[in-house]
Amino acid sequence: MSRTLYDLVGLAAGVAFILALKGLSHPKTARRGNLIGAFGATLATLVVFFYANPGSSLPLNNLGWILGAMVVGLLVGVPAARKVQMTQMPQLVALFNGVGGGAAALVAIVEYLHLGAEATTAEVVFTVFTVIVGCVSFSGSIITFLKLQELMTTRPVIFPAGRFIIAATLVSVIGVGGWVVSSLGTTPLLVLAGLSLLFGVLFVLPVGGADVPIVISLLNAFTGLTVAASGYVLDSVLLIIAGTLVGASGTILTRKMAEAMGRSLFGTLFGAFTAKPQDTSGSAEERPVRSGSPDDVAILLNYARRVVIVPGFGLAVAQAQHTVRELADMLIAKGIDVAYGIHPVAGRMPGHMNVLLAEANVPYEQLAEMDEVNPTFGQTDVAIVIGANDVVNPAAQTSPGCPIYGMPILEVNQAANIIFLKRSMRPGFAGIENELLYDPKTMLLFGDAKASLTKVVSALKAL
Amino acid sequence: MEPMAIVSIFVLAVFVGFEVVSKVSSTLHTPLMSGANAIHGVILVGAIIVADHSSTNLELGLAVAAIVLATINMVGGFVVTDRMLEMFKGNKK
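Residues numbered from 1 in each chain as written. Chains lettered and ligands numbered in written order. Predicted model: local features only at pLDDT ≥ 70, side-chain atom pairs only at ≥ 80, totals over all residues.

**Some details on the overall build of chain A**
Then, number 1: From N to C terminus, chain A includes 18 helices and six strands.
Then, number 2: Each principal axis of the C-alpha distribution contributes one length, and for chain A these read about 80 × 50 × 35 Å.
Then, number 3: Buried positions account for 51% of the 463 residues belonging to chain A. (Helix = DSSP H or I, 4+ residues; strand = E, 2+ residues; numbered from the N terminus. Buried ≥ 20, exposed ≤ 12 C-beta atoms within 10 Å, placed from the backbone.)

**Some remarks on the overall build of chain B**
Then, number 1: A tally of regular secondary structure across chain B gives four helices and zero strands.
Then, number 2: Secondary structure elements of chain B, listed N to C terminal, follow the sequence α-α-α-α.
Then, number 3: Whereas a compact globule of 93 residues would reach a radius of gyration of roughly 12 Å, chain B reaches 18 Å, over 25% beyond that.
Then, number 4: Relative to its 93 residues, chain B shows a buried fraction of 63%.
Then, number 5: Of all intrachain contacts in chain B linking residues separated by at least 6 positions in sequence, the fraction that spans at least 24 positions is 61%. (Rg over C-alpha atoms; globule rule 2.2 N^0.38 Å. Contact = placed C-beta atoms within 7 Å.)

**Re the UniProt feature "transmembrane region" (unreviewed entry) in chain A**
All names here are of chain A.
Then, number 1: According to UniProt, the "transmembrane region" (unreviewed entry) feature falls on residues 6-23, 35-52, 64-81, 93-113, 125-146, 158-181 and 237-254.
Then, number 2: With 100% helix and 0% strand, residues 64-81 has its two end C-alpha atoms placed 26 Å apart.
Then, number 3: Here residues 93-113 runs as 100% helix and 0% strand, with 31 Å between its end C-alpha atoms. (UniProt positions renumbered as here; feature names shortened; annotations may be inferred.)

**Some remarks on the packing of helix α4 (residues 89-115) of chain A against helix α7 (residues 186-204) of chain A**
All names here are of chain A.
Then, number 1: It is the contact of α4 with α7, at a shortest axis distance of 11 Å, that shows an interaxial angle of 170°. The orientation of α4 with respect to α7, classified from their angle, is roughly antiparallel. Residues Ala105, Ile109, Tyr112 and Leu113 of α4 touch α7, and the partners they reach there are Thr186, Leu189 and Ala193.
Then, number 2: A breakdown of the residues in the contact of α4 with α7 according to their chemical character gives six nonpolar, one polar and no charged. (Axes fitted to C-alpha atoms, helices over the stretch in contact; angles between N-to-C directions. Parallel < 35°, antiparallel > 145°, perpendicular 65-115°, else oblique. Nonpolar A, V, L, I, M, F, W, Y, C, P; charged D, E, K, R; others polar.)

**Overview of the pairing of strand β2 (residues 337-342) of chain A**
Each regular strand displays side chains that alternate between the two surfaces of the sheet.
Residues and elements named next belong to chain A.
Then, number 1: When strand β1 (residues 306-311) meets β2, the two strands line up parallel, connected through four bridges. Bridging from a neighbouring strand, valine 307 pairs with valine 338 of β2.
Then, number 2: With three bridges joining them, β2 and strand β3 (residues 367-369) adopt parallel strand pairing. Within β3, the position partnered with isoleucine 342 by the bridge is glutamate 369. (Pairing = 2+ DSSP bridges.)

**What to know about the interface of chain A and chain B**
Then, number 1: With 97 residues of chain A at the contact, the number on the chain B side is 78 residues.
Then, number 2: Of all the secondary-structure elements, those providing two or more residues to the side of chain A that touches chain B are α1 (3-24), α2 (30-48), α3 (63-83), α4, α8 (212-233), α9 (237-260) and α15 (352-359) of chain A.
Then, number 3: Looking at the side of chain A that touches chain B, its residues break down into 60 nonpolar, 30 polar and seven charged.

**As for the nonpolar core**
Then, number 1: One finds A:Val385, B:Val42, B:Ala47 and B:Ile67 to be the most contacted residues of the largest nonpolar core, which totals 181 residues.
Then, number 2: Looking at this core, you find at least three residues from each of domain 1 (90-277) and domain 2 (291-462) of chain A.
Then, number 3: Not counting the four nearest positions on each side in its chain, B:Val42 is found in contact with A:Ala41, A:Ala44, A:Val227, A:Leu238, A:Leu239, A:Ala242 and B:Met74. (Core = buried A, V, L, I, M, F, W, Y, C linked by C-beta atoms within 7 Å. Domains from an automatic or database assignment.)

**Concerning the environment of A:Leu410**
Residue and element names in this part refer to chain A.
Then, number 1: On the secondary structure map, leucine 410 appears in the loop between α17 (395-398) and β5 (417-422).
Then, number 2: On the basis of neighbour count, leucine 410 is assigned to the buried category, with 25 C-beta atoms found within 10 Å.
Then, number 3: Remark: the alpha-carbon pair of leucine 410 and valine 392, spanning 18 residues in sequence, is separated by 5.1 Å.

**Let's talk about the packing of α4(A) against helix α5 (residues 121-148) of chain A**
Residues and elements named next belong to chain A.
Then, number 1: In contact at an axis separation of 7 Å, α4 and α5 are set at 155° when each is read in the N-to-C sense. With respect to α5, the element α4 is oriented roughly antiparallel. In the crossing of α4 with α5, the sense of the turn from one axis to the other is left-handed.
Then, number 2: Looking at the contact of α4 with α5 residue by residue, the classes come out as 15 nonpolar, eleven polar and two charged. (Left-handed = near helix turned anticlockwise from the far one by under 90°.)

**Considerations on the sheet that holds strand β6 (residues 442-446) of chain A**
Residue and element names in this part refer to chain A.
Then, number 1: Sheet architecture is open: six strands sit in the order β3-β2-β1-β4-β5-β6, paired in parallel fashion. The sheet terminates laterally at β3 and β6, the two strands that pair on one side only. Averaged over all neighbouring strand pairs, the angle between strand axes comes to 25°, with direction disregarded.
Then, number 2: Pairing of β1 with strand β4 (residues 382-386) involves five bridges; the strand directions are parallel. The partner of valine 308 across the bridge, within β4, is alanine 383.
Then, number 3: Sheet strands touched by helix α14 (residues 321-333): β1, β2 and β4. Its angle to β1, the strand with the most contacts, is close to 170°.

**Section: the UniProt feature "transmembrane region" (unreviewed entry) in chain B**
Residues and elements named next belong to chain B.
Then, number 1: What UniProt calls "transmembrane region" (unreviewed entry) maps, in this numbering, to residues 32-51 and 58-80.
Then, number 2: Taken as a whole, residues 32-51 contains 85% helix and 0% strand, while its terminal C-alpha atoms sit 31 Å from one another.
Then, number 3: Secondary structure content for residues 58-80 is 100% helix and 0% strand, while the C-alpha to C-alpha distance between its ends is 33 Å.

**Description of the domain arrangement of chain A**
Then, number 1: Each assigned domain of chain A is listed with its residue range as follows: domain 1 (90-277) and domain 2 (291-462).
Then, number 2: Look at where the C-alpha atoms of domain 1 of chain A and domain 2 of chain A centre, and you get two points 37 Å apart.

**A look at unusual backbone geometry**
Residues and elements named next belong to chain A.
Then, number 1: The phi angle at glutamate 150 is positive, at roughly 55°, despite the residue not being glycine.
Then, number 2: Looking at glutamate 150, the number of C-beta atoms within 10 Å reads 11, which means it is exposed.
Then, number 3: If you check the backbone angles, aspartate 235 has positive phi at about 60° while not being a glycine.
Then, number 4: Residue position: aspartate 235 is located in the loop between α8 and α9.

**Considerations on helix α12 (residues 294-302) of chain A**
Then, number 1: Within α12(A), the full set of buried residues consists of A:Val297, A:Ala298 and A:Leu301. For α12(A), the buried positions fall inside an angular range of 100° around the axis, keeping them on one side. (Arc of directions from axis to C-beta.)

**Regarding helix α1 (residues 3-20) of chain B**
Then, number 1: Across its 18 residues, α1(B) extends 26 Å between first and last C-alpha, which sits within 8% of the 26 Å expected from 1.5 Å per residue.
Then, number 2: For α1(B), every residue scored as buried is listed here: B:Ala13, B:Val16, B:Gly17 and B:Val20. Taken end-on, α1(B) shows its buried residues confined to a sector of 100°, consistent with a single buried face. Exposed side of α1(B), more than 90 degrees from the buried face: B:Pro3, B:Met4, B:Val7, B:Ser8, B:Val11 and B:Phe15 are the residues found there.
Then, number 3: In this structure, the buried residues of α1(B) make contact with α1 and α9 of chain A. (Expected span 1.5 Å × (residues − 1).)

**Description of the confidence of the model for chain B**
Then, number 1: Per-residue confidence for chain B gives a mean pLDDT of 87; residues scoring 70 or more make up 94%.
Then, number 2: For this predicted complex, the interface score ipTM comes out at 0.92, while the overall pTM is 0.79. (pLDDT = per-residue confidence, 0-100.)

Here it is in structure tokens:
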């Protein structure tokens with residue numbers, strides 16, 4: 001295959017990626033967009049096997065190893081993507097992003113070893129960039145995975161002198177990067193990779209649970225840029241186009257997510273260092289709460305005119321989507337006005353809750369976004385908060401210095417009655433006490449969301 | 001390749017990247033992130049190229065690892081995105 005044909009196919013794949021991102025931005029075309037992207041990626045991968053690189057010949061060297069490695073990747077990736085519960089999908093995306101960053105770093109290291117002293121300064125600079133950012137993306141994504149999977153604490157991890165350690169690590173990463181460029185040795189490059197991995201860990205540890213999705217999106221954009229830099233070193237226009245597209249669109253997406261949470265990107269990444277220590281002493285003492293029975297809840301709902309359901313991650317964990325839909329259908333049959341109030345970051349990622357409710361076939365018209373539903377809470381008789389906490393916490397509006405301060409919330413505190421379905425008094429993902437739980441118009445129904453809802457449904461039937 | 005050509009491609013791709021996602025609704029943030037994530041799995045192409053010209057066992061070993069990781073990123077990313085979007089389609093009925 002000639003170089004021209006090879007480049008043309010690469011260009012076609014690049015166009016496919018543009019169409020894919022464009023399609024993914026609109027609900028009607030999203031699925032087709034993703035398939036176009038997959039088609040472009042397949043095309044780009046196949047064509048590599050039919051083009052002999054300068055100084056090489058077909059079939060590719062190490063063909064057995066290449067195909068074997070791809071089979072292993074398929075055997076790991078496809079079942080993981082097929083079987084993952086929708087509730088755990090954000091951490092899977094984080095992992096996929098991390099391995100992509102790791103792959104880019106490895107490619108850069110191999111190319112560096114291969115070129116040796118023949119590498120131009122520009123190539124070494126791009127290699128250094130790819131190794132640093134790829135390693136940060138890899139180790140940072142692993143930490144976000146551990147946080148989302150709750151294998152480690154979801155609260156910001158802050159250690160004494162943390163900001164100095166992070167700054168010192170960053171300075172040494174840049175210093176060693178300069179060393180690699182000037183000395184062209186293998187040892188400095190490995191030191192660089194190690195330090196970058198450490199920096200990725202330190203960079204993500206102080207980020208609080210609720211901000212993790214923003215960090216995943218940022219690391220995703222980073223990985224895109226490493227792919228673009230690899231494209232320069234490997235002389236591949238396709239990699240430059242694809243990587244830059246992901247880097248640019250990922251940056252915009254990160255900003256949009258941060259906006260949806262009402263915070264600046266800077267505040268998200270470095271907020272943990274400037275936030276005042278939380279007052280946790282008061283929360284340890286027992287304070288009276290009003291807890292109710294499923295019958296109390298059923299009666300309250302039966303005589304309501306308007307009910308707003310606020311679903312959170314707890315609903316998804318309990319797999320209660322179908323039960324909540326059953327409850328909503330019953331209320332609608334009684335002539336009650338029912339809406340779902342969806343916070344943009346309900347669940348673990350922006351838009352995650354929409355995916356989960358779509359899984360339970362909740363009609364799209366009943367899903368109301370925050371801006372639509374907030375003005376209606378004043379006329380709402382009952383707001384049912386199911387497994388959500390941070391997204392309705394008034395502290396976001398009233399208490400400067402708390403980690404979620406400034407995040408727009410669903411103003412359920414305006415409703416006449418509030419029902420919280422909770423497993424326990426444990427605070428939400430962000431680890432902040434919710435004053436609303438102690439409000440006199442709040443009723444708590446403790447227990448597994450699905451079991452509680454099932455009891456409410458049967459109590460309603462009995463009425 | 002000409003440095004100027006590379007800079008031009010880079011700058012134009014940045015603007016295209018900004019433009020194509022500028023109007024996305026928050027509902028689609030997660031699938032879009034996941035789809036973009038799958039696209040950078042195309043680093044697989046780079047991994048195959050370096051595996052082709054690996055001359056030592058160390059280079060080949062690292063390149064093979066890169067291929068495994070990149071394949072997981074690319075294929076897993078597209079499959080999980082499709083699963084998410086399949087559900088969106090279901091609720092349009």
